[in-house]
Amino acid sequence: MSTDIRRVGIVGGGQMGAGIAEVCARAGLDTVVAESDADSARAARERVAVSLERAVQRGKLDRLSAEDAQARLVFTSDLDDLADRQLVIEAVVENAEVKAGIFTALDKVVEDPEAILASNTSAIPIMRLGMATGRADRVLGLHFFNPVPVLPLVEIVSSLHTTKNTVDTMECFVRDTLGKTAIRSQDRSGFVVNALLVPYLLAAIRMAESGYASAADIDAGMVLGCAHPMGPLKLADLIGLDTVAAIAESLYDEFKEPLYAPPPLLQRMVQAGLLGRKSGRGFHMYDRG
(Lines give C-alpha, C1' and ligand atoms only; values in the text may rest on other atoms or scores of the structure.)
Protein backbone atom coordinates (compact mmCIF):
# COMPACT_ATOMS: atom_id res chain seq x y z
CA MET A 1 0.00 0.00 0.00
CA SER A 2 2.61 2.52 1.10
CA THR A 3 4.49 2.39 -2.19
CA ASP A 4 1.42 3.92 -3.86
CA ILE A 5 2.07 7.20 -2.04
CA ARG A 6 4.88 9.03 -3.82
CA ARG A 7 3.69 12.67 -3.73
CA VAL A 8 3.52 14.24 -0.28
CA GLY A 9 2.67 17.77 0.80
CA ILE A 10 3.56 19.44 4.09
CA VAL A 11 1.75 22.55 5.33
CA GLY A 12 4.09 24.49 7.60
CA GLY A 13 7.88 24.56 7.46
CA GLY A 14 8.71 25.21 11.09
CA GLN A 15 10.66 22.87 13.33
CA MET A 16 8.20 20.00 12.97
CA GLY A 17 7.14 20.59 9.36
CA ALA A 18 10.73 20.88 8.18
CA GLY A 19 11.62 17.67 10.00
CA ILE A 20 8.70 15.79 8.43
CA ALA A 21 9.63 17.15 5.01
CA GLU A 22 13.23 16.02 5.47
CA VAL A 23 12.18 12.50 6.46
CA CYS A 24 9.86 12.25 3.44
CA ALA A 25 12.52 13.51 1.03
CA ARG A 26 15.13 11.14 2.47
CA ALA A 27 12.63 8.32 1.89
CA GLY A 28 12.60 9.14 -1.83
CA LEU A 29 9.27 10.97 -1.94
CA ASP A 30 8.37 13.96 -4.12
CA THR A 31 7.80 16.49 -1.33
CA VAL A 32 6.24 19.97 -1.49
CA VAL A 33 6.31 22.25 1.57
CA ALA A 34 3.74 25.08 1.64
CA GLU A 35 4.37 28.08 3.87
CA SER A 36 2.41 31.29 4.51
CA ASP A 37 4.74 33.58 2.52
CA ALA A 38 7.94 33.61 0.49
CA ASP A 39 10.18 34.55 3.43
CA SER A 40 8.83 31.69 5.53
CA ALA A 41 9.30 29.29 2.60
CA ARG A 42 12.95 30.36 2.29
CA ALA A 43 13.44 29.91 6.03
CA ALA A 44 11.95 26.41 5.81
CA ARG A 45 14.32 25.51 2.97
CA GLU A 46 17.28 26.70 5.05
CA ARG A 47 16.03 24.77 8.07
CA VAL A 48 16.02 21.51 6.11
CA ALA A 49 19.38 22.25 4.47
CA VAL A 50 21.00 22.85 7.88
CA SER A 51 19.54 19.63 9.26
CA LEU A 52 20.73 17.58 6.28
CA GLU A 53 24.22 19.07 6.57
CA ARG A 54 24.26 18.26 10.27
CA ALA A 55 23.36 14.64 9.46
CA VAL A 56 26.23 14.48 6.96
CA GLN A 57 28.72 15.96 9.43
CA ARG A 58 27.67 13.45 12.08
CA GLY A 59 28.06 10.54 9.67
CA LYS A 60 24.35 9.70 9.73
CA LEU A 61 23.88 10.47 6.02
CA ASP A 62 26.23 10.49 3.04
CA ARG A 63 26.67 13.61 0.93
CA LEU A 64 25.02 12.17 -2.21
CA SER A 65 21.91 11.10 -0.27
CA ALA A 66 21.62 14.56 1.27
CA GLU A 67 21.84 16.19 -2.17
CA ASP A 68 19.26 13.76 -3.55
CA ALA A 69 16.90 14.59 -0.67
CA GLN A 70 17.24 18.33 -1.31
CA ALA A 71 16.51 17.77 -5.00
CA ARG A 72 13.17 16.15 -4.09
CA LEU A 73 12.03 19.16 -2.06
CA VAL A 74 10.00 22.09 -3.37
CA PHE A 75 9.09 25.06 -1.16
CA THR A 76 6.16 27.31 -2.00
CA SER A 77 3.92 30.00 -0.56
CA ASP A 78 0.94 28.87 -2.66
CA LEU A 79 -1.33 26.20 -1.14
CA ASP A 80 -2.61 25.42 -4.64
CA ASP A 81 0.74 23.75 -5.35
CA LEU A 82 -0.50 20.84 -3.22
CA ALA A 83 -3.33 20.06 -5.64
CA ASP A 84 -1.80 16.82 -6.96
CA ARG A 85 -0.63 15.44 -3.60
CA GLN A 86 -1.66 11.95 -2.46
CA LEU A 87 -0.96 12.74 1.19
CA VAL A 88 -0.85 16.14 2.88
CA ILE A 89 0.42 16.53 6.45
CA GLU A 90 -0.49 19.73 8.29
CA ALA A 91 2.17 20.91 10.76
CA VAL A 92 1.32 24.48 11.74
CA VAL A 93 0.81 26.20 15.10
CA GLU A 94 -1.08 24.19 17.75
CA ASN A 95 -4.32 26.17 17.38
CA ALA A 96 -7.58 24.41 16.62
CA GLU A 97 -9.12 27.28 14.61
CA VAL A 98 -6.02 27.73 12.46
CA LYS A 99 -5.73 24.02 11.79
CA ALA A 100 -9.43 23.62 10.97
CA GLY A 101 -9.16 26.50 8.50
CA ILE A 102 -6.24 24.80 6.77
CA PHE A 103 -8.16 21.53 6.51
CA THR A 104 -11.11 23.34 4.95
CA ALA A 105 -8.76 24.92 2.41
CA LEU A 106 -6.99 21.62 1.69
CA ASP A 107 -10.32 19.89 1.10
CA LYS A 108 -10.88 22.32 -1.78
CA VAL A 109 -7.31 22.34 -3.10
CA VAL A 110 -6.37 18.64 -3.09
CA GLU A 111 -7.94 17.17 -6.21
CA ASP A 112 -7.76 13.41 -5.62
CA PRO A 113 -10.80 12.33 -3.54
CA GLU A 114 -8.73 9.35 -2.32
CA ALA A 115 -5.95 11.58 -0.99
CA ILE A 116 -5.36 11.45 2.75
CA LEU A 117 -5.21 14.59 4.91
CA ALA A 118 -3.27 14.26 8.16
CA SER A 119 -2.45 16.49 11.11
CA ASN A 120 0.71 16.52 13.20
CA THR A 121 -1.28 17.94 16.12
CA SER A 122 -0.12 16.97 19.60
CA ALA A 123 -3.54 17.05 21.23
CA ILE A 124 -6.32 18.65 19.14
CA PRO A 125 -9.23 16.26 18.39
CA ILE A 126 -8.96 14.75 14.91
CA MET A 127 -12.74 14.69 14.65
CA ARG A 128 -12.83 18.48 14.73
CA LEU A 129 -10.34 18.68 11.86
CA GLY A 130 -12.07 15.97 9.85
CA MET A 131 -15.44 17.70 10.15
CA ALA A 132 -13.88 20.83 8.64
CA THR A 133 -13.67 18.84 5.39
CA GLY A 134 -15.99 16.84 3.19
CA ARG A 135 -13.78 13.76 3.54
CA ALA A 136 -13.62 13.03 7.28
CA ASP A 137 -13.14 9.34 6.45
CA ARG A 138 -9.74 10.24 4.89
CA VAL A 139 -8.55 12.45 7.78
CA LEU A 140 -6.39 11.24 10.66
CA GLY A 141 -3.55 12.25 12.95
CA LEU A 142 0.09 11.52 12.15
CA HIS A 143 1.91 12.77 15.23
CA PHE A 144 5.69 12.84 14.77
CA PHE A 145 8.15 13.63 17.55
CA ASN A 146 10.93 16.22 17.73
CA PRO A 147 13.54 15.95 16.30
CA VAL A 148 11.67 14.16 13.51
CA PRO A 149 14.73 12.82 11.63
CA VAL A 150 15.99 11.18 14.84
CA LEU A 151 13.02 9.94 16.88
CA PRO A 152 11.47 6.75 15.46
CA LEU A 153 7.87 7.03 16.70
CA VAL A 154 4.70 8.20 14.93
CA GLU A 155 1.28 8.11 16.60
CA ILE A 156 -1.56 7.28 14.19
CA VAL A 157 -4.83 8.71 15.49
CA SER A 158 -8.21 7.83 14.00
CA SER A 159 -11.50 9.63 14.58
CA LEU A 160 -14.92 7.98 14.60
CA HIS A 161 -15.12 8.71 10.85
CA THR A 162 -11.63 7.55 9.80
CA THR A 163 -11.85 4.31 7.82
CA LYS A 164 -9.81 1.23 8.61
CA ASN A 165 -8.30 1.38 5.15
CA THR A 166 -7.04 4.92 5.77
CA VAL A 167 -5.40 3.86 9.04
CA ASP A 168 -3.92 0.68 7.53
CA THR A 169 -2.52 2.64 4.58
CA MET A 170 -0.86 5.15 6.85
CA GLU A 171 0.59 2.45 9.12
CA CYS A 172 2.20 0.82 6.07
CA PHE A 173 3.44 4.22 4.89
CA VAL A 174 4.98 5.09 8.26
CA ARG A 175 6.58 1.67 8.67
CA ASP A 176 7.63 0.68 5.15
CA THR A 177 8.27 4.04 3.44
CA LEU A 178 9.47 6.25 6.29
CA GLY A 179 11.08 3.43 8.28
CA LYS A 180 9.49 4.51 11.57
CA THR A 181 7.50 2.72 14.25
CA ALA A 182 3.77 3.38 14.42
CA ILE A 183 1.47 3.08 17.39
CA ARG A 184 -2.29 3.56 17.16
CA SER A 185 -4.39 5.76 19.39
CA GLN A 186 -8.03 6.62 19.68
CA ASP A 187 -9.05 10.25 19.25
CA ARG A 188 -8.64 11.48 22.83
CA SER A 189 -6.75 14.65 23.66
CA GLY A 190 -3.03 14.00 24.11
CA PHE A 191 -3.30 10.59 22.40
CA VAL A 192 -0.88 8.11 24.05
CA VAL A 193 2.41 9.91 24.60
CA ASN A 194 1.32 13.41 25.64
CA ALA A 195 -1.50 12.14 27.84
CA LEU A 196 1.24 10.46 29.88
CA LEU A 197 4.08 12.95 29.40
CA VAL A 198 2.47 16.36 29.88
CA PRO A 199 1.20 15.83 33.46
CA TYR A 200 4.78 14.88 34.36
CA LEU A 201 6.15 18.07 32.77
CA LEU A 202 3.50 20.18 34.49
CA ALA A 203 4.34 18.61 37.86
CA ALA A 204 7.99 19.60 37.36
CA ILE A 205 6.94 23.16 36.46
CA ARG A 206 4.78 23.38 39.61
CA MET A 207 7.74 22.14 41.65
CA ALA A 208 9.95 24.90 40.23
CA GLU A 209 7.17 27.47 40.60
CA SER A 210 6.74 26.70 44.30
CA GLY A 211 10.47 26.96 44.98
CA TYR A 212 10.60 23.31 46.01
CA ALA A 213 13.82 22.91 44.00
CA SER A 214 15.72 24.71 41.24
CA ALA A 215 15.22 23.86 37.58
CA ALA A 216 18.77 22.47 37.44
CA ASP A 217 18.22 20.24 40.46
CA ILE A 218 14.82 19.00 39.25
CA ASP A 219 16.36 17.99 35.94
CA ALA A 220 19.44 16.46 37.56
CA GLY A 221 17.21 14.46 39.89
CA MET A 222 15.33 12.80 37.04
CA VAL A 223 18.41 12.25 34.87
CA LEU A 224 20.67 10.86 37.60
CA GLY A 225 18.03 9.36 39.87
CA CYS A 226 15.67 7.84 37.31
CA ALA A 227 18.00 7.37 34.31
CA HIS A 228 15.92 9.68 32.12
CA PRO A 229 17.93 10.92 29.12
CA MET A 230 16.75 14.50 29.76
CA GLY A 231 15.17 16.29 32.70
CA PRO A 232 11.51 17.38 32.49
CA LEU A 233 12.18 21.13 32.35
CA LYS A 234 14.87 20.80 29.70
CA LEU A 235 12.48 18.56 27.76
CA ALA A 236 9.70 21.16 28.09
CA ASP A 237 12.15 23.76 26.74
CA LEU A 238 12.96 21.47 23.80
CA ILE A 239 9.29 20.88 22.97
CA GLY A 240 8.54 24.60 23.30
CA LEU A 241 6.73 26.03 26.31
CA ASP A 242 3.99 27.44 24.08
CA THR A 243 3.38 23.94 22.72
CA VAL A 244 3.37 22.42 26.20
CA ALA A 245 0.84 25.05 27.32
CA ALA A 246 -1.37 24.41 24.27
CA ILE A 247 -1.36 20.65 24.88
CA ALA A 248 -2.13 21.18 28.57
CA GLU A 249 -5.06 23.45 27.71
CA SER A 250 -6.43 20.88 25.26
CA LEU A 251 -6.11 18.10 27.84
CA TYR A 252 -7.78 20.20 30.53
CA ASP A 253 -10.60 21.23 28.18
CA GLU A 254 -11.39 17.58 27.51
CA PHE A 255 -10.82 15.90 30.87
CA LYS A 256 -11.23 18.76 33.41
CA GLU A 257 -8.62 17.13 35.66
CA PRO A 258 -6.47 19.54 37.75
CA LEU A 259 -3.25 17.72 36.83
CA TYR A 260 -3.72 18.87 33.21
CA ALA A 261 -4.21 22.58 34.01
CA PRO A 262 -1.26 24.74 32.84
CA PRO A 263 0.48 26.30 35.88
CA PRO A 264 0.53 30.12 36.13
CA LEU A 265 4.32 30.16 35.73
CA LEU A 266 4.05 28.36 32.39
CA GLN A 267 1.40 30.80 31.18
CA ARG A 268 3.50 33.81 32.22
CA MET A 269 6.59 32.47 30.47
CA VAL A 270 4.64 31.99 27.26
CA GLN A 271 3.24 35.54 27.54
CA ALA A 272 6.81 36.80 28.02
CA GLY A 273 8.06 34.99 24.93
CA LEU A 274 10.30 32.71 27.01
CA LEU A 275 9.50 29.63 24.98
CA GLY A 276 12.53 27.47 25.62
CA ARG A 277 15.29 26.43 23.26
CA LYS A 278 13.76 28.10 20.18
CA SER A 279 13.70 31.53 21.89
CA GLY A 280 17.03 31.15 23.68
CA ARG A 281 15.51 31.10 27.15
CA GLY A 282 13.01 28.99 29.05
CA PHE A 283 13.75 27.17 32.28
CA HIS A 284 17.35 27.14 31.05
CA MET A 285 19.43 29.45 28.82
CA TYR A 286 20.42 28.46 25.28
CA ASP A 287 22.77 29.69 22.58
CA ARG A 288 20.52 30.51 19.60
CA GLY A 289 23.52 30.60 17.25
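Located above this text is the structure these notes cover.
As a convention, each chain's residues are numbered from 1 in the sequence order in which they are written. Local features in a predicted model are, by the rule used here, given only for residues with pLDDT of at least 70; side-chain atom pairs are given and counted only at 80 or more, and totals for whole chains, interfaces and linings are based on all residues. Where side-chain values are given, they derive from all heavy atoms of the structure, hydrogens and water being excluded.

Caption draft 1: Fine view of the overall build of the chain. A helix here means a DSSP run of H or I that spans at least four residues, while a strand means a run of E at least two residues long, and both kinds are numbered starting from the N terminus. Along its length, the chain carries 11 helices and eight strands. For a compact globule of 289 residues, the expected C-alpha radius of gyration is about 19 Å, and the chain comes in at 19 Å, within 12% of that figure. Seen along its three principal axes, the alpha-carbon backbone of the chain occupies a region of about 55 × 45 × 35 Å. Only protein chains enter the calculation, and the probe is 1.4 Å; a residue is then buried if its accessible area is under 20% of its type maximum, exposed if over 50%, and partly exposed in between. The buried share of the chain, taken over its 289 residues, is 50%. In short, Shrake-Rupley with a 1.4 Å probe defines the accessible areas, and a residue's cover is counted only from the protein chains shown. Of the roughly 13,300 Å² that the chain leaves accessible, carbon and sulfur atoms contribute 53%. Here the globule rule reads 2.2 Å times residues to the power 0.38, and the radius of gyration is calculated from C-alpha atoms.

Caption draft 2: The arrangement of the layout of surface pockets in detail. Roughly 200 Å³ of volume is contained in the second largest pocket. Two kinds of site are reported from a 1 Å grid over the protein atoms alone, namely cavities, where a 1.4 Å probe fits but cannot get out, and pockets, open sets with protein on both sides within 12 Å along at least five of seven lines, and residues are called lining when an atom falls within 4 Å of a point. Lining the second largest pocket we find 12 residues, and of these D4, I5, E114, R138 and T169 sit closest to its centre. With three residues, the top contributor of residues to the lining of the second largest pocket is helix 6 (residues 164–177). Class assignment of the residues belonging to the lining of the second largest pocket gives a composition of four nonpolar, four polar and four charged. Grid points are joined across faces, edges and corners, and a volume is the space filled by probe spheres set on the points. The residue classification treats Ala, Val, Leu, Ile, Met, Phe, Trp, Tyr, Cys and Pro as nonpolar and Asp, Glu, Lys and Arg as charged. All others, Gly included, are polar.

Caption draft 3: Up close: the nonpolar core. Side-chain atoms within 4.5 Å are what join buried Ala, Val, Leu, Ile, Met, Phe, Trp, Tyr and Cys residues into a set we call a nonpolar core. The biggest cluster of nonpolar side chains holds 40 residues, and the ones touching the most others in it are V8, L87, I89, L142, F144, M170 and F173. The greatest single-element share of this core, amounting to seven residues, is contributed by helix 1 (residues 15–26). The residues contacting I89, other than those within four sequence positions of it, are V8, G9, I10, V11, I20, A118, N120, L142 and F144. If you look at the next biggest cluster of nonpolar residues, it comprises 22 residues, including L202, A245, I247 and Y260. Any pair of residues with heavy atoms lying within 4.5 Å of one another is described as a contacting pair.

Caption draft 4: Quick look at the pairing of strand 6 (residues 139–144). Within strand 6, six of the six residues are buried, which leaves it mostly tucked inside the rest of the structure. Neither face of strand 6 is left uncovered, since the one carrying V139, G141 and H143 and the one carrying L140, L142 and F144 both have all their residues buried. With five bridges joining them, strand 6 and strand 7 (residues 153–158) adopt antiparallel strand pairing. Opposite H143, over in strand 7, you have E155 as the bridge partner. A pair of strands is considered paired only if DSSP assigns at least 2 bridges between the two.

Caption draft 5: Seen up close, the packing of helix 8 (residues 215–226) against helix 9 (residues 232–239). For every element, the axis is a line fit to its C-alpha atoms; helices are fit only across the contacting stretch, and the angle between N-to-C directions ranges from 0 to 180 degrees. At a minimum axis separation of 7 Å, helix 8 and helix 9 run at an interaxial angle of 105 degrees. The pairing of helix 8 with helix 9 is recorded here as roughly perpendicular in orientation. In this structure, helix 8 contributes A215, I218, D219 and M222 to the contact, and helix 9 contributes P232, L233 and K234. Of the residues contributing to the contact of helix 8 with helix 9, the split by class is five nonpolar, no polar and two charged. Should an angle fall under 35 degrees it is taken as roughly parallel, and over 145 as roughly antiparallel, whereas 65 to 115 is taken as roughly perpendicular and any remaining angle as oblique.

Caption draft 6: The sheet that holds strand 4 (residues 87–90), seen in detail. Sheet architecture is open: eight strands sit in the order 3-2-1-4-5-6-7-8, paired in mixed fashion. This sheet does not close on itself; its edge strands, each paired only once, are strand 3 (73–76) and strand 8 (181–186). Averaged over neighbouring strand pairs, the angle between their axes works out to 25 degrees when direction is ignored. Across three bridges, the pairing between strand 5 (residues 116–119) and strand 6 is parallel. For A118, the partnering residue across the bridge sits in strand 6 and is L140. The strands touched by helix 4 (residues 96–109) within the sheet are strand 1 (7–11), strand 4, strand 5 and strand 6, with strand 5 carrying the most contacts at an inclination of about 165 degrees.

It is worth stressing that arrangement in space is one thing and function is another; only the former is reported here.
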